[in-house]
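# Structural characterization, general
Here is what each chain is made of, one letter per residue.
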Amino acid sequence: MNPKPVNWIENAAGRRVPDRVNGEPVVPFQGVGKYKPQGRTAGRPIRVCQDYPGDGDKRAPDLKTALQRCGLKDGMTISTHHHFRDGDLIANQVFDICADLGLRDLRWFPSAAFPCHAPLIRHLDSGVIHHIEGSMNGPLGDYCSRGHMNGAAVLRSHGGRWQALQDGEVHIDVAVLAAPCADAFGNCNGSDGPSACGPLGYAEADAQFADHVIVVTDHPVPFPCTPWQIPGQLVDYVVVTDRIGIPEKILSGTTQLTKSPDRLRTAELIVRFAEAAGLIRDGFSFQTGAGGTSLAVAHDLSAMMKEKQITASFYLGGSHALPVQMMQEGLIRAIIDIQAFDLEAVRSARDNRNHISCGPFITYNDHGKGNLNSLTDIAVLGATEVDVEFNANVVTHSDGRLMHGIGGWQNCVHAKTTVLAVPSFRDRMPVIVDRVTTLSGPGELIDVVATERGLCINPRRTDLLQAVKGSGLPVIDIHDLHRTVLEICGGPPDPPKLTDQLIAVVKWVDGTVLDSVFGISRKV
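To keep things clear, this report deals only with the structure shown in the data block. Note that this is a predicted model, so its numbers are computed, not measured. (Residues numbered from 1 in each chain as written. Predicted model: local features only at pLDDT ≥ 70, side-chain atom pairs only at ≥ 80, totals over all residues. Heavy atoms only, no water.)

### Points about the sheet that holds strand β19 (residues 378–381)
Here is the rule we go by: If DSSP finds at least two bridges between two strands, the strands pair. Going along the chain from the N terminus, every DSSP run of H or I of four or more residues is numbered as a helix, and every run of E of two or more is numbered as a strand. Orientation is described by lines fitted to C-alpha atoms, with helices fitted over the stretch in contact, and by angles between N-to-C directions that extend from 0 to 180 degrees. Any two residues having at least one pair of non-hydrogen atoms within 4.5 Å are treated as being in contact.
Strand order in the open sheet formed by 8 strands is β18-β17-β16-β15-β19-β22-β26-β27, and the pairing between neighbours is mixed. Strand pairing shows two members of the sheet lacking a second neighbour, β18 (355–357) and β27 (454–457), which therefore form its edges. Here the average twist between neighbouring strands, direction ignored, is 20°. The strands touched by helix α9 (residues 321–328) within the sheet are β15 (285–287), β16 (312–316), β17 (332–337) and β18, with β17 carrying the most contacts at an inclination of about 145°.

In structure tokens form, the structure reads like this:
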């Protein structure tokens, strides 16, 4: 694989992007809703029942044997999922085994990587793993930013990951799925067992499109495992091991209600805005993410809904304790969920028939016959930077360091109204900037930027501007907010010290290249 791009192109967002990534041709971003590929979706090889045990027992003695039986060899693509978030115990084992087998130049295609995967840096250094295509949080992102990875990372949204597999951009040779409960045939779910982590939505794409699928479980049950989220007909081998993950660590990251007065103020403004704009009404739908401010929005929204005796039609997950409580109180009719962010959500997904487990094909995939994003009335999300054109960045810091994954963010900005909840500055570094360091989402899809200083409504949304007129809400021009922030912070931040080395590209939900990410100077 050749990590060097051949030519550079300015895409429709005005960003400089390569025409090849890791030696493969790519399509530059052409504008929101402009790119419409033709053809048929990709598929897995045809299999025949004669090649599988007649008694349905697909158990292999251990993970190494299962990987060997899959015909693993140099240069292949291995996928894992992130439903255990920072508590995953399987991905590191997979690549330790690959190293023992002498394999090299593998592509790791996780649905996301977390700090618990930092031990894989030694396999990147040694060449066992060539590069990672998936969201990277923390140490792996920093490693990538410093230009140490052999190939360029490819960052996709959760829906974009399904799209890439479905459209044939990425082909998985071996998918290794950590399943908290499974039978010997391979039917499995995330709801039961000592390592229950909730819905296995992100693993559905891997099971659907991979050549070989290995299910690893620490809670084997007699056939049939019910309910099954992934059917055994998609599974080649089942491996029983001592422990697959630490469910308590799915809470890691941002899933804590903020105590910051500024962020609580921002949450209050968002809920007041939603009410003034007429977005909170019986049967509305929403998604608030799992960040601290977003959780505060859900908290305030809950109080308002009780007061007005309003019931939402659905909440679009990842889910956590707060929407679960709202559903128990009759404020939400259903939670539609891909992953659980805490153990209360795990319990709810198991016990409540209105807590619906599903995958990103239904919720997020842009290349389908509709998805749930476009049905969602209001989405409240975060960002690391927002510029005066409402463009947003969620993957790099203002110093250019790659530290965060995209998650479902790019997909959720397709809600009918998208609100970004951000502080106007962090540690005296402006969050409202002249131009975002990395473009993760075009400004035309961002409707409102909410900060502790007021609400900036995108001029394109004349309907929202008209709706909140006379409401008393602090609506301010984003250029005025930008000037205020610069005065507070003592001027614009120093530009990031970047190298010419392409270390990652950000793909849009349709598979086109939205932006490039370059390495940071080794002196930073």
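Text resumes after the structure shown.
### Topic: the environment of glycine 400
For the record, the criterion: Here the term buried applies to any residue with accessible area under 20% of the maximum for its type, exposed to any over 50%, and partly exposed to those in between, with areas from a 1.4 Å probe on protein chains only.
As for its placement among the helices and strands, glycine 400 is situated in the loop between β21 (392–393) and α12 (409–412). We classify glycine 400 as buried; its relative accessible area is 4%. For the pair glycine 400 and serine 145, spaced 255 residues apart in sequence, the C-alpha separation works out to 7.9 Å. Setting aside anything within four residues of it in sequence, one finds glycine 400 in contact with Ser145, Thr437, Pro496, Leu498, Val517, Phe518 and Ile520.

### Observations regarding the sheet that holds strand β28 (residues 498–507)
Spatially, the 3 strands line up as an open sheet ordered β9-β28-β29, and their pairing is mixed. One side of each edge strand has no neighbouring strand; the edge strands of this open sheet are β9 (153–155) and β29 (513–520). Going from strand to strand, the sheet's axes swing by 40° on average, the running direction of each strand aside. With 6 bridges connecting them, β28 and β29 associate as antiparallel partners. The residue of β29 that forms the bridge with leucine 502 is phenylalanine 518.

### Section: the pattern of salt bridges
For the record, the criterion: Salt bridges are defined by distance alone: a side-chain nitrogen of Lys or Arg within 4 Å of a carboxyl oxygen of Asp or Glu.
Going through the model one piece at a time under the given rule, you end up with 22 salt bridges. Where arginine 146 meets aspartate 142, a salt bridge forms, and the shortest distance between an N and an O atom there is 3.3 Å. A residue is classified by how much of its surface remains accessible, and arginine 146, at 24% relative accessible area, is partly exposed. Each of the salt bridges in this network shares a partner with another, and the network as a whole consists of Asp142, Arg146, Asp399 and Arg401.

### Looking at helix α14 (residues 478–489)
What counts, and what does not: A helix is expected to reach a length of 1.5 Å times the quantity of its residues less one. Think of it as the arc spanned by the lines of direction from the helix axis to the C-beta atoms. Residues adjacent in sequence count toward polar contacts only when both atoms are side-chain atoms; beyond that, a polar contact is any pair of N or O atoms within 3.5 Å, and within protein one must be able to donate a hydrogen and the other to accept it.
Along its 12 residues, α14 runs 16 Å from first to last C-alpha, staying within 8% of the 16 Å computed at 1.5 Å per residue. When we look at burial in α14, the residues that qualify are Ile478, Leu481, His482, Val485, Leu486 and Cys489. End-on, the buried residues of α14 take up no more than an arc of 135°, which puts them together on one face. Buried residues along α14 sit against β20 (385–387), β23 (425–426), β24 (429–430), β25 (432–433), β26 (448–451) and β27. One side-chain oxygen of the residue at the start of α14 lies 2.7 Å from the amide nitrogen of histidine 479, identifying that residue as aspartate 477.

### Some points on the packing of α9 against helix α10 (residues 343–351)
Heads up, the rule is: Here roughly perpendicular refers to angles of 65 to 115 degrees, roughly parallel to angles under 35, roughly antiparallel to angles over 145, and oblique to all remaining angles. Note that Gly is not counted as nonpolar here; it falls among the polar residues with everything else outside the nonpolar set of Ala, Val, Leu, Ile, Met, Phe, Trp, Tyr, Cys and Pro and the charged set of Asp, Glu, Lys and Arg.
Contact geometry of α9 with α10 gives a least axis separation of 8 Å together with a crossing angle of 45°. Relative to α10, α9 is oriented oblique. On α10, the residues touching Ala321, Val324, Met327 and Gln328 of α9 are Glu344, Ala345, Arg347 and Ser348. By residue class, the composition of the contact of α9 with α10 is 4 nonpolar, 2 polar and 2 charged.

### Here's the deal with the side chain of histidine 81
Tracing the chain through its elements places histidine 81 in the loop between β6 (77–80) and α2 (91–100). Of the polar contacts made by the side chain of histidine 81, one reaches the backbone nitrogen of histidine 83; its length is 3.3 Å. For histidine 81, the residues in contact, after removing those within four places along its chain, are Ser111, Val176, Leu177, Ala178, Leu200 and Ala203.

### Notes on the pairing of strand β8 (residues 129–132)
Relative to β8, strand β7 (residues 106–110) runs parallel, the two being bridged by 3 bridges. The residue of β8 that forms the bridge with leucine 106 is isoleucine 129.

### What about the nonpolar core?
One recurring pattern in soluble globular proteins is that nonpolar side chains are buried together. Spelled out, the test is: Put simply, a nonpolar core is a bunch of buried Ala, Val, Leu, Ile, Met, Phe, Trp, Tyr and Cys residues held in one set by side-chain atoms that sit within 4.5 Å of each other.
Core analysis: the biggest nonpolar cluster contains 109 residues, and Val176 and Ile214 have the highest contact counts within it. With residues near it in sequence (within four places) discarded, isoleucine 214 still touches Leu63, Ala66, Leu67, Cys70, Val174, Ala175, Val176, Leu177, Tyr237 and Val239.

### Considering unusual backbone geometry
The linkage connecting threonine 226 with the following residue, proline 227, adopts the cis geometry, with an omega of -15°. Along the chain, the position of proline 227 falls in the loop between β13 (212–217) and β14 (237–240). In the segment running from glycine 317 into glycine 318, the intervening peptide bond is cis, with an omega of 20°. Mapping glycine 318 onto the fold places it in the loop between β16 and α9. Residues other than glycine seldom take positive phi values, yet glutamine 309 does so here, at roughly 55°. Within the element layout of this structure, glutamine 309 appears in the loop between α8 (292–308) and β16. Notably, aspartate 427 is not glycine yet its phi reads approximately 50°, a positive angle. In this structure, aspartate 427 sits in the loop between β23 and β24.

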